[in-house]
Amino acid sequence: DIVTTKTGATGKALEDLHNTVREIGRTSPFDFEAIGTAVGEVNTRFGVTGEKLEDLSRQFLKFAKVNSVDVNESIDSVQKAMDAFGLSADEAGAFLDTLNKVGQDTGVNVLNLASSLTTNATALQGMGMNAADAAAACQDHKIPFEHHVTAEHGDHSRKRHLVGVHKQTGKA
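None of these values were measured; they are calculated from a predicted model.

Before we go on, may I ask you to explain the overall build of the chain in this structure?
Broken down by element type, the chain carries 9 helices and 0 strands. Walking the chain from its N terminus toward its C terminus, one meets helices and strands in the order α-α-α-α-α-α-α-α-α. Across the chain, contacts joining residues at least 24 apart in sequence account for 58% of those joining residues at least 6 apart. Looking at the chain as shown, the accessible area adds up to about 8,700 Å², and 47% of this sits on carbon and sulfur atoms.

Where do I start with the side chain of Ser28 in this structure?
Mapped onto the secondary structure, Ser28 falls in the loop between helix H2 (11-26) and helix H3 (32-46). Its relative accessible area of 16% is what places Ser28 among the buried residues. Leaving out residues up to four positions away in the same chain, Ser28 has contacts with Ile35 and Arg58.

I would appreciate a short explanation of the environment of Ala84 in the present structure.
Along the chain, Ala84 falls in helix H5 (residues 71-84). Given the relative accessible area of 26%, Ala84 is considered partly exposed. If we skip the residues at most four places from it in the chain, Ala84 touches Thr118, Ala121 and Gln125.

Would you take a moment to explain the pattern of salt bridges for this structure?
Oppositely charged side chains may form a pair once their charged atoms are brought near each other. Per the counting criterion, the structure on display carries 9 salt bridges. Residue Lys52 pairs with Asp90 through a salt bridge whose shortest N-O separation is 2.8 Å. One end of the pair, Lys52, is in helix H4 (residues 50-66); the other, Asp90, is in the loop between H5 and helix H6 (92-106), with 38 residues separating them in the sequence. Accessibility expressed as a relative area gives 47% for Lys52, which makes it partly exposed. The partner of Asp76 in a salt bridge is Lys80, with the nearest N and O atoms 3.4 Å apart. Taken together, the positions of Asp76 and Lys80, both in helix H5 and 4 residues apart, correspond to about one turn of that helix. A residue is classified by how much of its surface remains accessible, and Lys80, at 42% relative accessible area, is partly exposed. Among the charged side chains, a salt-bridge network with shared partners connects Lys6, Glu41, Arg45, Asp76 and Lys80.

Just to check I follow, could you spell out helix H7 (residues 110-126) for this structure?
Residues three or four positions apart in an α-helix share a direction because the helix packs 3.6 residues into each turn. With 17 residues, H7 should reach 24 Å at 1.5 Å per residue; the first-to-last C-alpha distance of 23 Å fits that figure. Of all the bends in H7, the largest measures some 65° and sits at Asn120. Among all positions of H7, only Val110, Leu111, Leu113, Ala114, Ser116, Leu117, Asn120, Ala121, Ala123 and Leu124 are buried. Where H7 begins, one side-chain oxygen reaches toward the backbone nitrogen of Leu111, 2.6 Å away; that side chain belongs to Asn109. Within two residues after H7, Gly128 carries a phi angle of roughly 90°, on the positive side.

Thresholds applied
- Residues numbered from 1 in each chain as written.
- Predicted model: local features only at pLDDT ≥ 70, side-chain atom pairs only at ≥ 80, totals over all residues.
- Heavy atoms only, no water.
- Helix = DSSP H or I, 4+ residues; strand = E, 2+ residues; numbered from the N terminus.
- Contact = heavy atoms within 4.5 Å.
- Areas by Shrake-Rupley, 256 points an atom, 1.4 Å probe, with all protein chains shown as cover.
- Buried < 20%, exposed > 50% of the residue type's maximum accessible area, 1.4 Å probe, protein only.
- Salt bridge = Lys/Arg side-chain N within 4 Å of Asp/Glu carboxyl O.
- Expected span 1.5 Å × (residues − 1).
- Bend = angle between axes of the 7 residues up to and from the residue.
- Polar contact = N/O pair within 3.5 Å; in protein donor to acceptor, adjacent residues only side chain to side chain.

Put into structure tokens, the structure is as follows:
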């Protein structure tokens, strides 16, 4: 069972997770494998249960479907970007909406966007940007997705690159 594998839950906790899977399955078009993956990953990565778990799992399932991406990869990439910017589970819905908007407006794959935000988080935050500001900067093509500075160049070079982009545009 996917939920057991992803969470390690037993007893009452596992029963509650299975009830969440059944409830989502009863009221949504998603298959039970995707639902089990979402519930297990969201529970493990965000530490939520009950109604919050159900709501956030539904949001990730919809996010993955709208963007034609794997739900497991979506949760992984988005959680890492949220963690890099210090966002809580309560802010996940708004962050998913931001990623959706930027992805739709630019045509950039949302998983690539989340990865770029994760990779560049330190430099972007050093310039005073929060996650929404950083995504907007990416939306305005001030932060190039395909040319982000890789880890082997180090944070100093990455920040120097982004500061250069900021100086050229005056808006990042």
